[in-house]
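Structural characterization, general
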Amino acid sequence: MENDVKENLEEEEEANRLLPPPPHPQSLPSSDSESEAAFESNEKILIVDFESPDDPTTGDSPPPFSWRKLWLFTGPGFLMSIAFLDPGNLEGDLQAGAIAGYSLLWLLMWATAMGLLIQMLSARVGVATGRHLAELCRDEYPTWARYVLWSMAELALIGADIQEVIGSAIAIQILSRGVLPLWAGVVITASDCFLFLFLENYGVRKLEAVFAVLIATMGLSFAWMFGETKPSGKELMIGILLPRLSSKTIRQAVGVVGCVIMPHNVFLHSALVQSRKIDPKRKSRVQEALNYYLIESSVALFISFMINLFVTTVFAKGFYGTEKANNIGLVNAGQYLQEKFGGGLLPILYIWGIGLLAAGQSSTITGTYAGQFIMGGFLNLRLKKWMRAVITRSCAIVPTMIVAIVFNTSEASLDVLNEWLNVLQSVQIPFALLPLLTLVSKEEIMGDFKIGPILQRIAWTVAALVMIINGYLLLDFFVSEVDGFMFGVTVCVWTTAYIAFIVYLISHSNFFPSPWSSSSIELPKRVSVSDS
């Protein structure tokens, strides 16, 4: 009898040694044996506790505020803010200023605030789980839905990248006085992929420093333009404080809001915050990181708001109420500025070109960064970073080169193309927002950092508002552009499938109870060969 008990105890100990430890409730188990990490352990920045190194916080309260620690956390928010300053956004700003004057500045401010909310939810997912949004989507959704989400994210990224590369190419054309054609600017901009790879080898902080220089270049360039043109301070304050909207400016208003939420940026921010070494199992450290990320992201988006405000008011001052207002776009904006304001010590055409080049270069590099995380997260590809970067860059450069060659001599065609690219990105917005809101609301994924009911309602309201506004843009665009029976039928079929997938994503969340919701159905877990 004693031998039998002893044998049973030995078997139980052996089984315990073989069984894996239970996962932490705030980290979702991956469906793969080894997941692709956003940053390797040796690449992450160590957060040092300056205030009490001998007494680490183990309770629920985060350590006291530290300026030096804020400096260590500063970086991801500024990289995220570049999506608010890409050439597509600048074109939306200049058109809003030229057509609507100062009247949409209030909307720009509140749209930036909505963008901050969405981006902080993305950061919350990354910090609390230790994994980024694309990785979590890979485990949250069935295979077919995961591939649809990945395809949509890649399409959105390619659309944004085309705008960014074309914007850089236009800037290079301006600064070379027309010597370099658009396609040559595209080739030069494509080389930023190798610059990105070079900088990444020197660490995250070096890369963040380069982006800080590019943002500062944008800020100085557009602030210089603001100072040269001297927009009305009174009209500026009225535009910020007094909400105004008319039927003539509704399209520009939709564009202002639609440009703020960039699908690839939602995925990007959840990965960038993992560049700091934070233990997701320690509640106090997670809360501390979220507090610092909120501060630095708020500062970064305030700077981006000021830059967007500079651009909007400069073009409001120069072109509001003129015949050129409805014809101005990214291609001819520099020439129109030069004709209107001329130049002092440095011609305003070249100031605009420098700012546009900084915007295009910085946004294309962050696009390459986002593409790595999206591809690696959804597909769990174990590729070297340089190979993922080259694949991501190639997906955008090939169509962009075709665009540059075909539309090189036609400003009107480039403006039409830009409208289609804006529509492409607007279509993709639900496929980033809905998975984010679903995941950040689940306790089994977020643990104690699941958002509460009030924040949940606010977030869903903001998401619904953004999707409705972009839905209006899509409806307005297709009503004016759809011509022909077959094209109309194709659009109707595509729209039906599109709406059906959005309904599926909403029903998958916990916010709207539904009999279709996967949360009410217990799905069998995947079993590997080694487990059987």
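Residues numbered from 1 in each chain as written. Predicted model: local features only at pLDDT ≥ 70, side-chain atom pairs only at ≥ 80, totals over all residues. Heavy atoms only, no water.

Let's talk about the overall build of the protein
Selection rule: Numbering goes from the N terminus for both helices and strands, where a helix is a DSSP run of H or I of at least four residues and a strand is a run of E of at least two. Burial classes follow relative accessibility: with a 1.4 Å probe on protein chains only, a residue under 20% of its type's maximum area counts as buried, one over 50% as exposed, and anything between as partly exposed. By the convention used here, residues are in contact when the closest approach between their heavy atoms is within 4.5 Å. The method behind every accessible area is Shrake-Rupley, applied with a 1.4 Å probe, and residues are considered shielded solely by the protein chains displayed.
Broken down by element type, the protein carries 22 helices and two strands. Counting across all 532 residues of the protein, residues that qualify as buried make up 53%. When contacts within the protein are restricted to residue pairs at least 6 apart in sequence, those whose partners lie at least 24 apart make up 84%. Of the accessible surface of the protein, which amounts to about 24,300 Å², a share of 65% is contributed by carbon and sulfur atoms.

A closer look at the side chain of Glu140
Among the structural elements, Glu140 can be located in helix 6 (residues 133-140). We classify Glu140 as buried; its relative accessible area is 14%. Setting aside residues up to four positions removed in sequence, Glu140 forms contacts with Thr438, Leu439, Lys442, Ile445 and His508.

Focus: the nonpolar core
It is characteristic of soluble globular proteins that their nonpolar side chains tend to be buried jointly. The condition that has to hold: The definition of a nonpolar core used throughout is a set of buried Ala, Val, Leu, Ile, Met, Phe, Trp, Tyr and Cys residues joined through side-chain atoms within 4.5 Å.
Grouped together as the largest cluster of nonpolar side chains are 150 residues, with contacts concentrated most on Ile166, Phe222, Phe315 and Trp352. A total of 16 residues in this core trace back to one element, the largest contributor, which is helix 14 (residues 283-319). When neighbours within four sequence positions are excluded, Phe315 is seen to be in contact with Leu94, Gly97, Ala98, Tyr320, Ile328, Ala333, Leu337 and Trp352.

Details of helix 13 (residues 263-272)
Helix 13 sits mainly inside the fold: 10 of its 10 residues count as buried. Regarding helix 13, the residues found buried are Pro263, His264, Asn265, Val266, Phe267, Leu268, His269, Ser270, Ala271 and Leu272.

Observations concerning empty space enclosed by the protein
One water molecule sets the probe size; rolling that probe over the atoms shows where empty space is left. Let me state the cut-off plainly: A 1.4 Å probe that fits but cannot get out identifies a cavity on a 1 Å grid over protein atoms alone, an open set with protein on both sides within 12 Å along at least five of seven lines counts as a pocket, and a residue lines either if it has an atom within 4 Å of a point. Grid points are joined across faces, edges and corners, and a volume is the space filled by probe spheres set on the points. Under the grouping applied here, Gly and all other residues not named as nonpolar or charged are polar, the nonpolar ones being Ala, Val, Leu, Ile, Met, Phe, Trp, Tyr, Cys and Pro and the charged ones Asp, Glu, Lys and Arg.
In total, this model carries seven cavities of 30 Å³ or more according to the counting rule given. Size it by volume and the largest cavity reaches roughly 140 Å³. If you go around the largest cavity, you meet 15 residues; those closest to its centre are Glu91, Ile166, Leu330, Leu414 and Asn418. Listing elements by their share of the lining of the largest cavity, those giving two or more residues are helix 4 (87-100), helix 7 (143-175) and helix 18 (411-428). Taken together, the residues that form the lining of the largest cavity break down as nine nonpolar, four polar and two charged.

Concerning a nonpolar patch on the surface
As a reminder, the rule being used: Patch membership requires over 30% relative accessible area and the absence of a salt bridge. Like charges are linked within 9 Å, and nonpolar side chains (Val, Leu, Ile, Met, Phe, Trp, Tyr) within 5 Å. In the sections that follow, a salt bridge refers to a side-chain nitrogen of Lys or Arg positioned within 4 Å of a carboxyl oxygen of Asp or Glu.
A grouping of Phe65, Trp67, Ile295, Val299, Phe302 and Ile303 is seen on the molecular surface, where their side chains present a nonpolar patch of about 620 Å² in accessible area. When residues of the nonpolar patch are assigned to their parent elements, the largest contribution, four residues, is made by helix 14. With respect to the secondary-structure elements, Phe302 resides in helix 14. Since its relative accessible area comes to 52%, Phe302 is described here as exposed.

Concerning the confidence of the model for the protein
Note the cut-off: Residue-level confidence of the predictor is what pLDDT reports, using numbers from 0 through 100.
With 82% of its residues at a pLDDT of 70 or more, the protein shows a mean pLDDT of 80. Of the regions scoring below 50 in pLDDT, residues 14-34 engages in 34 contacts with residues more than four places distant in sequence or in other chains. The model gives residues 514-532 a pLDDT under 50, and that stretch makes 15 contacts with residues more than four places away or in other chains.

Things to note about helix 11 (residues 233-241)
Just so we agree on the cut-off: This arc is built from the directions going out from the helix axis to the C-beta atoms.
Of all the residues in helix 11, the buried ones are Leu236, Gly239 and Ile240. Taken around the axis of helix 11, the buried residues stretch over an arc of 95°, which confines them to a single face. Structural note: helix 11 exposes Lys234 and Leu241 on the side pointing more than 90 degrees away from its buried face. Where helix 11 is buried, its residues touch helix 5 (105-129), helix 10 (204-229) and helix 14.

Here we look at the packing of helix 19 (residues 430-440) against helix 22 (residues 485-508)
Going by this rule: Axis lines are fitted through C-alpha atoms, for helices just across the contact stretch, and the angle between N-to-C directions can take any value from 0 to 180 degrees. Any angle between 65 and 115 degrees counts as roughly perpendicular, while under 35 counts as roughly parallel, over 145 as roughly antiparallel, and the rest as oblique. Each crossing is labelled by how the near helix is turned from the far one, with a counterclockwise turn of less than a right angle marking it left-handed and a clockwise turn marking it right-handed.
Interhelical geometry of helix 19 versus helix 22 gives an angle of 15° and a closest axis separation of 9 Å. Classed by the angle they form, the pair helix 19 and helix 22 counts as roughly parallel. Note on packing geometry: the crossing formed by helix 19 with helix 22 is left-handed. Only Tyr498, Phe501, Ile502, Leu505, Ile506 and His508 of helix 22 make contact with helix 19, whose side of the interface consists of Pro430, Phe431, Leu434 and Thr438. Of the residues belonging to the contact of helix 19 with helix 22, the class tally is eight nonpolar, two polar and no charged.

Points about the environment of Leu207
Summarising the element assignment, Leu207 is placed in helix 10. Separated by 11 residues in sequence, Leu207 and Phe196 place their C-alpha atoms 7.9 Å apart. Other than its neighbours up to four places away in sequence, Leu207 contacts Phe196, Leu199 and Tyr369.

Examining the packing of helix 13 against helix 19
Packed helices, taken two at a time, are described by the angle between their axes plus the distance between the axes. Close contact between helix 13 and helix 19 brings their axes to 7 Å; oriented N to C, the two are set at 40°. Residues Pro263, Val266 and Phe267 of helix 13 lie in contact with helix 19, whose contacting residues are Phe431, Ala432 and Leu436. When its residues are assigned to classes, the contact of helix 13 with helix 19 shows six nonpolar, no polar and no charged.

With respect to the side chain of Thr249
Locating Thr249 in the fold gives a position in the loop between helix 11 and helix 12 (250-258). Those residues within four positions of Thr249 in sequence are excluded, and the remaining contacts are Ile99, Ala100 and Leu104.

Some details on unusual backbone geometry
Positive phi values are uncommon outside glycine, yet Arg177 reaches one of about 60°. When you line up the elements, Arg177 lands in the loop between helix 7 and helix 8 (182-190). Relative accessible area serves as the criterion here: at 68%, Arg177 is assigned to the exposed category. Backbone geometry places Lys230, a non-glycine residue, at a positive phi of 55°. Structurally, Lys230 can be placed in the loop between helix 10 and helix 11. The class of Lys230 is exposed, set by a relative accessible area of 59%.

Regarding the pattern of salt bridges
What the rule picks out here adds up to seven salt bridges. Across the pair Lys69 and Glu288 runs a salt bridge whose closest N-O atoms are separated by 2.7 Å. A residue pair is termed long-range when its members are at least 10 positions apart, and Lys69 in helix 2 (residues 67-73) and Glu288 in helix 14 qualify at 219 residues. Assessed through its relative accessible area of 4%, Glu288 is described here as buried. Between Glu140 and Lys442 there is a salt bridge, and its shortest N-O distance comes to 2.4 Å. Within this pair, whereas Glu140 is found in helix 6, its partner Lys442 is found in the loop between helix 19 and helix 20 (443-446), the two being separated by 302 residues in sequence. Each of the two residues, Glu140 as well as Lys442, counts as buried.

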